[in-house]
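Structural characterization, general
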Amino acid sequence: MPSSRSISLKLLLARHEVVLVLVILVEVVLFQLLGRNFLVGRNVSNVFRHSVEIGLLAVAMTPVILTGGIDLSVGSMMGLCAVLFGMMVNRLGMDPWFASLAVVGIGALGGGFNAVLITRLNLPPLIVTLGTFSLFRGLAEALTRGAESYSGFPPSFLALGNSDFAGIPAQVWIFIGVAVGIWLLVHRTTLGRSFRAIGFAPEGARYAGIPVARNTSIAYMIAGAVAGIAAVILVARLGEARANAGIGYELLAITAVVLGGVSIFGGSGTLAGTLLGWVALAILNNGLTRISDYRILEQPVASVARELSGLLTGLLLLTALSLGALTKTLAVRRARKQSLSDTSPNLVKS
Amino acid sequence: MNKYFRELTVAIALALLLLSLAIFAPHFFQAQPIISRLTSQMPALVAAVGIALVIISRQIDISIGAQFSMCAIVAGVTASAGFPLGMAILAALVTGALMGAVNGVLVAYLGLPSIVVTLATMVTWQEALRLWQQGRLLALPNGIQWFGLSQQVGQMVVISVALTLVVGAAWAMKNLSGGRQIYATGTDAEAARLAGIDPKRTTFRVFVLMGLLTGLAAVLNLVQSPQVQPNCGDGLDLKTIAAVVVGGVAISGGRGTMWGVLLGMLLLANVNPALTHFHQPPYWEKAIQGLVILLAAVADGLRSRKTKF
């Protein structure tokens, strides 16, 4: 029999969050050793400034995935919200802050549209959000005739994307607010608990008296609204609103969530996991751009950092998934063997 | 209700679109442009056959765009290195089958959800390709374009290969036990297992087949131009899934025909040219595509609700 200490160590290692913290530590040490100016105040704040949008999407995607759903449309929603924001401010002369609020509302409406199709018509979330993935981006392209972009926003608004507030990038404060809000929702309210119940067994949740359709809808509406917030922050950072805002962000957000140990089938996972998954990705993205002394395929690492970090992200995700699946099958097999050897002498009893 | 209700509705929609084009924009139907347009859609059609198999077996593959680009570049590099066309084609097919096998092992034997697996492999192939090619346009040697034949003959070869494949797949899905096993696995994997089918092996084979067909699609695309772009597969995944869903393949698995896939592909492929012929700006293509996917999904949803109660 293994001692109790080794069991608790095993349990600790089995916690997804602990493994992720180790991964992050390894990343930090590696990039500090290999790269230049990695752990410098300016760069650390850049790591977060440049990944807040994906962090927001990942945090908002967590409740959706907990319910056993998925939202592929959040990146396209960002594009549509960015374009609408630009039009409201530039064409209609609206106040940027008021336009931001409007855009967040539109995002929630878009999420509500997904939710109606998913919950009222019982359509698979994958296909519904694949449709709106195309629809929202298409509307953004149609509104801008494929090429127009909007810029010239007031400096007070652009400060949201490019200035610091109390020592940290301004948009990180918004991110912290959203993350804390969703953490409270998921882990401290009955509504949040119902997300996991729905993902675990939708029929069972319904029998337990949970309003499944309503609660699922709330998850999708939050995702849409947060996509609106992410769009506003992206526009403030880039100073420009285009139809291609947020292309591919939904995949990065899903990657962060899955890397964070949230089950893609729904029912289990934590927001802390998502946040750690996101931090691991953000550090990987930034750290590779700091390595200029080493070369890969005859190119300095820094100049191919985007491709390399994408490749490593994919491999990391595949490894995380396979390891998770393998440990699960091994555990099941061992448990079966053990229960067989335990019960075999007195099979009659059972 | 008629078994082929969905295929019929798509056929009627396609007929209406073509009819209105015939009335309002008759120059749409000139022979040469039509053949060119058809030829350019054939690679996507071949990939759509593969994605239909995957969806019928109740899985999804969103990595086919990246697979397509990878196969095209591997074939292009092989040809540029001086190997004959046959070797280049073989290289594309093998590459596709290998990438499909990776997806297949992870989905079928490790039991991972296909959407996440193919998401991860998509990112991996795509970025590996970018790292390898740096976005360079790869010029192909002579004798590759149109298989070294004249353009007319080459176009005919491309079209007939793709259409033969559709007909063959339609026949096989209906009459071969392999095809029936795919339907059975997609309808209910556990029931299929109890009936003596190995659903894991079936799923694995479907993914390998998907990769193989992506390789073939990449070859059919490669021969159409004197160079190959490392991002030639971008958007192919969405395009083919849209075509397949519109053609009446149920995303919940177990239902759909190759004829529906063919019709869905033709319908979506004609949306954009129809827009230009009706003097409408083409920016609406993506929005219309999304709307069509949603309509098809809603139609399926309403229909299954009716049959349920």
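Residues numbered from 1 in each chain as written. Chains lettered and ligands numbered in written order. Predicted model: local features only at pLDDT ≥ 70, side-chain atom pairs only at ≥ 80, totals over all residues.

To continue, consider the overall build of chain A. The number of helices and strands found in chain A is 15 helices and six strands. Seen along its three principal axes, the alpha-carbon backbone of chain A occupies a region of about 80 × 55 × 40 Å. Counting the 350 residues in chain A, one finds 50% classified as buried. (Helix = DSSP H or I, 4+ residues; strand = E, 2+ residues; numbered from the N terminus. Buried ≥ 20, exposed ≤ 12 C-beta atoms within 10 Å, placed from the backbone.)

Moving on to the overall build of chain B. The secondary structure content of chain B amounts to 12 helices and two strands. Taking 19 Å as the expected radius of gyration for a compact globule of 309 residues, we find that chain B reaches 19 Å, a close match to that expectation. Relative to its full complement of 309 residues, chain B shows a buried share of 50%. (Rg over C-alpha atoms; globule rule 2.2 N^0.38 Å.)

Here we take up the interface of chain A and chain B. Where the parts come together, the accessible area they lose is often given as the size of the interface. Chain A puts 41 residues into the contact, and the matching count from chain B is 38 residues. At the level of elements, helix 7 (125-143), helix 13 (249-259) and helix 15 (305-343) of chain A are the ones that each hand at least two residues to the side of chain A that touches chain B. Its residues placed into classes, the side of chain A that touches chain B shows 27 nonpolar, 10 polar and four charged. (Contact = placed C-beta atoms within 7 Å. Nonpolar A, V, L, I, M, F, W, Y, C, P; charged D, E, K, R; others polar.)

Turning our eyes to something else, we now look at the domain arrangement of chain A. Split by domain assignment, chain A resolves into domain 1 (38-269) and domain 2 (291-340). Its C-alpha centre places domain 1 of chain A at a distance of 27 Å from the equivalent point of domain 2 of chain A. (Domains from an automatic or database assignment.)

The next thing to look at is the confidence of the model for chain B. With 97% of its residues at a pLDDT of 70 or more, chain B has an overall mean of 88. Element-level mean pLDDT values for chain B span from 76 in helix 12 (residues 285-308) of chain B up to 96 in helix 9 (residues 199-222) of chain B. (pLDDT = per-residue confidence, 0-100.)

With that settled, consider the packing of helix 9 (residues 170-188) of chain A against helix 12 (residues 212-238) of chain A. When two helices pack together, their arrangement is captured by the angle between the axes and the distance separating the axes. Residue and element names in this part refer to chain A. Helix 12 packs onto helix 9 with a crossing angle of 170° between their chain directions and a minimal axis gap of 11 Å. Overall, the two elements helix 9 and helix 12 adopt an arrangement that is roughly antiparallel. Where helix 9 abuts helix 12, its residues Gln-171, Ile-174 and Val-178 lie against Val-226, Ile-229 and Ile-233. (Axes fitted to C-alpha atoms, helices over the stretch in contact; angles between N-to-C directions. Parallel < 35°, antiparallel > 145°, perpendicular 65-115°, else oblique.)

Phi at Ala-166 of chain A is positive, roughly 55°, even though this residue is not glycine. Residue Ala-166 of chain A is classed as exposed on the basis of its 6 C-beta neighbours within 10 Å.

Let us now look at the packing of helix 10 (residues 236-246) of chain B against helix 11 (residues 258-277) of chain B. All names here are of chain B. It is the contact of helix 10 with helix 11, at a shortest axis distance of 7 Å, that shows an interaxial angle of 120°. In terms of orientation, helix 10 lies oblique with respect to helix 11. Viewed along their axes, helix 10 and helix 11 form a crossing whose handedness is right-handed. Residues Ala-242, Ala-243, Val-244 and Val-246 of helix 10 form the contact with helix 11, whose participating residues are Val-261, Gly-264, Met-265, Leu-267 and Leu-268. When the residues that make up the contact of helix 10 with helix 11 are grouped by side-chain class, the tally is eight nonpolar, one polar and no charged. (Left-handed = near helix turned anticlockwise from the far one by under 90°.)

Membership of the largest hydrophobic core comes to 203 residues, with the highest contact counts inside it found for Leu-57, Phe-85 and Ala-231 of chain A together with Val-49 and Ala-75 of chain B. Here the element with the most residues in this core is helix 12 of chain A; it accounts for 17 residues. For this core, the domains that each give at least three residues are domain 1 (38-269) and domain 2 (291-340) of chain A. Every residue in contact with Phe-85 of chain A, bar those within four places of it in the chain, is listed here: Ala-99, Ser-100, Val-103, Ala-231, Val-232, Val-235 and Ala-241 of chain A. (Core = buried A, V, L, I, M, F, W, Y, C linked by C-beta atoms within 7 Å.)

Here we take up helix 7 (residues 177-187) of chain B. Of all the residues in helix 7 of chain B, the buried ones are Gln-181, Ile-182, Ala-184, Thr-185 and Gly-186 of chain B. Of the surrounding elements, those touching the buried residues of helix 7 of chain B are helix 2 (31-56), helix 6 (151-175), helix 8 (189-194) and helix 9 of chain B.

Bringing helix 14 (residues 271-289) of chain A into the picture now. A rise of 1.5 Å per residue sets the reference length of helix 14 of chain A, with its 19 residues, at 27 Å; its end C-alpha atoms lie 28 Å apart and thus fit the reference within 8%. Taking burial as the measure, the 19 residues of helix 14 of chain A include 18 buried ones, the bulk of the element. (Expected span 1.5 Å × (residues − 1).)

Before going further, it helps to spend a moment on the environment of Gly-199 of chain A. All names here are of chain A. When you line up the elements, Gly-199 lands in helix 10 (residues 190-200). It is 9.5 Å that separates the C-alpha atoms of Gly-199 and Thr-216, two residues lying 17 residues apart in sequence. Beyond its immediate stretch of four places on either side in the chain, Gly-199 contacts Leu-66, Thr-67, Gly-68, Gly-266 and Gly-267.

The subject of this paragraph is the environment of Gly-247 of chain B. Residues and elements named next belong to chain B. If you trace the backbone, Gly-247 turns up in the loop between helix 10 and helix 11. Looking at Gly-247, the number of C-beta atoms within 10 Å reads 27, which means it is buried. Separated by 14 residues in the primary sequence, Gly-247 and Val-261 have C-alpha atoms spaced 4.8 Å apart. If we skip the residues at most four places from it in the chain, Gly-247 touches Val-10, Gly-260, Val-261, Leu-263 and Gly-264.

Our next topic: the confidence of the model for chain A. In low-pLDDT segments, the atomic positions of the prediction should not be examined closely. All names here are of chain A. Mean pLDDT over chain A stands at 88; residues scoring 70 or higher make up 93%. Per-residue pLDDT, averaged within each element of chain A, yields its smallest value for helix 1 (residues 4-14) (60) and its largest for helix 12 (97). Across residues 346-350, confidence stays below pLDDT 50; counting only partners more than four residues off in sequence or on other chains, it has one contact.

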